[in-house]
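Chain by chain, the residues:
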Amino acid sequence: MRDDGPRLPTSPGFWRSPLRGTWFTSVLGLVLLVGVTVLFVTGLVSYAAYNPDLAPVNDQTPDKGLLGFYLFSWPTNPPWLYRLTQGLHVTLGITLIPVLLAKLWSVVPKLFALPPARSLAHALERISLLLLVGGGLFEFTTGVLNIQLDYVFPGSFYPLHFYGAWVFFAAFLAHAALKTPKALRAVRERRRGEDGQASPGPDEGGPASPRPDAPTVDRRGALWFVGGASLLLFLTTAGQSIGGALRRTALLAPHGWADPGGGPNGFQINKTAAYAGVGTKQTAAETWRLVVTAPGGRTVRLTRAELLRLPQHSAALPIACVEGWSTADQWWRGVRLRDLAALVGYDGDPPDVLVESLQLHGAFRRAALRADQVADPRSLLALRVNGEDLSPDHGYPARVIVPAAPGVLNTKWVARMTFGEL
Ligand SMILES: Nc1nc2c(c(=O)[nH]1)N[C@H]1C(S)=C(S)[C@@H](COP(=O)(O)O)O[C@H]1N2
Ligand SMILES: [Mo]
C-alpha cells in the first residue's frame, strides 16, 4: 500500500508534486515580472486617457488624490494609440492568467507554512504576500469580469480596478525586489547544463516538496503546458483588437454584441440603440435637434439637414473600447468639433466640451473632451460613416469621434454640446 503521507496542508510532506521547485517558480515569476509591469503601465495610461481631470463628468475615481500624480493630457496622435495600449492591456492580461495560476500553484504550500509568523519581519513579509496574492487575484478577476460580463459593477469598476492596481503593484514591487535576484540565479544555474528534470541540489526554504511523488511530466513539460494554455488564450483573444479576418478567431471576445451585419455600418457595436432606449421617434428629422451652447453665451439649435450644410470633413479613425476590442479605421464624415465651437463664439482656440446623448439611462450618456481634442481637425461630430448615413446603432443622427481617445468618449446619439463649462 502507498504511503499517502501527512494529511494536513500545514505539513510540508502534504505537498507531493515533484514539479514544485525554485526553477519552476522562478521562470513563472520572471515572466510575471515583465508582464505585470506592462499591465500596470498600460492600465495607468488607460486611466489618463479618460480625461479624469475633467471632473466630475469623466472621473470615476474622485478620491484618487496622490495616486493621480502622474496624470497627463492624453494625446490625439497617433490615432491608434488607445487601440494599441488597451489592446495590449486586455490581451496580455488574459494571456497571463495561466502563468499567474501556475505561479500561485507552485508556491501554495508556503501559504500553509507554520508557524504563521516566526518574527516581526516574517509577519510583515506574509502580510505583503497577502496583498500580493489578494491584489493579483482581485485585479485579474475584476478585469475579466468587466470585459466578459458586460460591466457587472455599474460605475464602480474604475475605482475598484484602479485602487486595486496600486495595492497589487506596491506589493508586487516589494516582492520583485526581494525575489528577482534569486530567481535570476535559479534560471541561470539551470541553463548551465541542467535538463529541467530535478531540482538542482537542496531547495532550502524553497517551494520544492521534501518527499516528492514520482514525476509524470518534467518541469519543462509543465512549463510548455502553461505556455500552451497562454498561447491558446492569446490566439482566441488577440483577434478582437487586431481586427480584419482575425476578428473571427476571437472566440473569447465579449459576448452579447449585436451582429453588426455587413455594409458600411458593419463594424462592432457596443450598446445598441434598442439597449440605450433610443427610438426612431427621438431621432426623426422633425423631432431631433442638436443644441450647441456656451454658458453665458450663444445657443444654437440645428437640424440634421442644417448640420449637413455646414462644411463637411472626413477622418479615418478606429473605435477602441476599454474592453480591449477595437475596429479598423472607419471613414467618418461630419462637422468638425472646433467649427461647432465657433458657432457659439469660440473663434480662436476652442475650449473643453461636455457632450450629452439623448439616451436617458446608462453609464455612457455623457462625456467631456479636452480643448486639444476639440481643436484637432480630425475630431468630428460624425453624420456619416464609410459613405453612408450612420446606422441607429452607431449613433444616428450624430455621434462624436475623436482620434486616439477611448471609445467611451465617442458619444453616440448626441443631443447637446456645451462648450467652455468645465
Ligand atoms: N450614448 C452612448 N454613447 C456611447 C456609448 C453608449 O453606451 N451610449 N458607448 C460608448 C462606448 S463604451 C464605445 S466603445 C463606443 C462604441 O461605439 P460603436 O457602438 O459605434 O462601436 O461608443 C461609445 N458611445
Ligand atoms: Mo467602450
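Residues numbered from 1 in each chain as written. Chains lettered and ligands numbered in written order. Predicted model: local features only at pLDDT ≥ 70, side-chain atom pairs only at ≥ 80, totals over all residues. Heavy atoms only, no water.

Here the focus is the overall build of the chain. Helix and strand counts for the chain stand at 12 helices and 10 strands. Projected onto its principal axes, the C-alpha coordinates of the chain cover approximately 85 × 45 × 35 Å. A buried classification covers 48% of the 422 residues belonging to the chain. Only carbon and sulfur atoms are counted for the fraction: they give 64% of the accessible area of the chain, which is about 20300 Å². Here the chain contributes 40 positive and 31 negative side-chain charges, whose respective centroids are spaced 3 Å apart. (Helix = DSSP H or I, 4+ residues; strand = E, 2+ residues; numbered from the N terminus. Buried < 20%, exposed > 50% of the residue type's maximum accessible area, 1.4 Å probe, protein only. Areas by Shrake-Rupley, 256 points an atom, 1.4 Å probe, with all protein chains shown as cover. Lys, Arg positive; Asp, Glu negative; His and termini not counted. Charge placed at Lys NZ, Arg CZ, Asp CG, Glu CD.)

This brings us to the domain arrangement of the chain. As assigned here, the chain comprises domain 1 (12–249) and domain 2 (273–419). Centre-to-centre, using C-alpha coordinates, domain 1 lies 38 Å away from domain 2. Taken together, the contact pairs 29 residues of domain 1 with 29 residues of domain 2. Buried surface at the junction of domain 1 and domain 2, both sides included, amounts to about 2500 Å², of which 54% is carbon and sulfur. Three residues stand out in domain 1 for area buried against domain 2, namely Val57, Thr76 and Arg83, and they jointly supply 23% of the buried area on that side. Where domain 1 packs against domain 2, one counts zero salt bridges. There are 15 residue pairs in polar contact (both at pLDDT 80 or more) connecting domain 1 and domain 2. Of all the elements in the fold, those that place two or more residues in the side of domain 1 that touches domain 2 are helix H1 (22–49), helix H2 (81–95), helix H4 (120–148) and helix H7 (239–242). Of all the elements, H2 adds the most residues to the side of domain 1 that touches domain 2, at six residues. (Domains from an automatic or database assignment. Contact = heavy atoms within 4.5 Å. Buried area = accessible area lost by both parts, 1.4 Å probe. Salt bridge = Lys/Arg side-chain N within 4 Å of Asp/Glu carboxyl O. Polar contact = N/O pair within 3.5 Å; in protein donor to acceptor, adjacent residues only side chain to side chain.)

Let us now look at the pairing of strand E2 (residues 299–302). Burial along E2 is one-sided: the residues Val300 and Leu302 are buried and none of Thr299 and Arg301 is. Two strands pair when backbone bridges link them, and strand E1 (residues 290–293) and E2 are joined in this way by four bridges, in the antiparallel orientation. The partner of Val292 across the bridge, within E2, is Val300. Counted between consecutive antiparallel strands, the loop separating E1 from E2 contains five residues, among which Gly296 sits at a positive phi close to 75°. (Pairing = 2+ DSSP bridges.)

Across all of its chains, the model carries six salt bridges by this definition. Across the pair Arg16 and Asp213 runs a salt bridge, and its minimum N-O distance is 3.3 Å. Highlighted residues: Arg16 in the segment before H1 and Asp213 in the loop between helix H5 (157–191) and helix H6 (219–235), separated in sequence by 197 residues. What makes Asp213 partly exposed here is its relative accessible area of 25%. In this structure, the salt-bridge partner of Arg378 is Asp376, at a minimum N-O distance of 2.8 Å.

Our focus in this paragraph is the packing of aromatic side chains. Per the counting criterion, the structure on display carries 16 aromatic pairs. Ring centres of Tyr50 and Tyr158 lie 5.2 Å apart, and the angle between their planes is 65°; this geometry places the pair in the edge-to-face category. Separated by 108 residues along the polypeptide, Tyr50 in the loop between H1 and H2 and Tyr158 in helix H5 bring together distant segments of the chain. Of the two residues, Tyr50 and Tyr158, both sit in the buried class. Each residue in the set Phe40, Phe69, Tyr70, Trp166, Phe168, Phe169 and Phe172 is aromatic and connected to the rest through ring pairs, giving one cluster. Sitting over the ring of Trp105, Arg20 keeps its end group 4.0 Å from the ring centre. The positively charged end of Lys271 is found above the aromatic ring belonging to Tyr275, 5.4 Å away from the centroid. (Phe/Tyr/Trp six-rings, centres within 6.5 Å; stacked < 30°, edge-to-face > 60°. Lys NZ or Arg CZ within 6 Å of the ring centre and 35° of its normal.)

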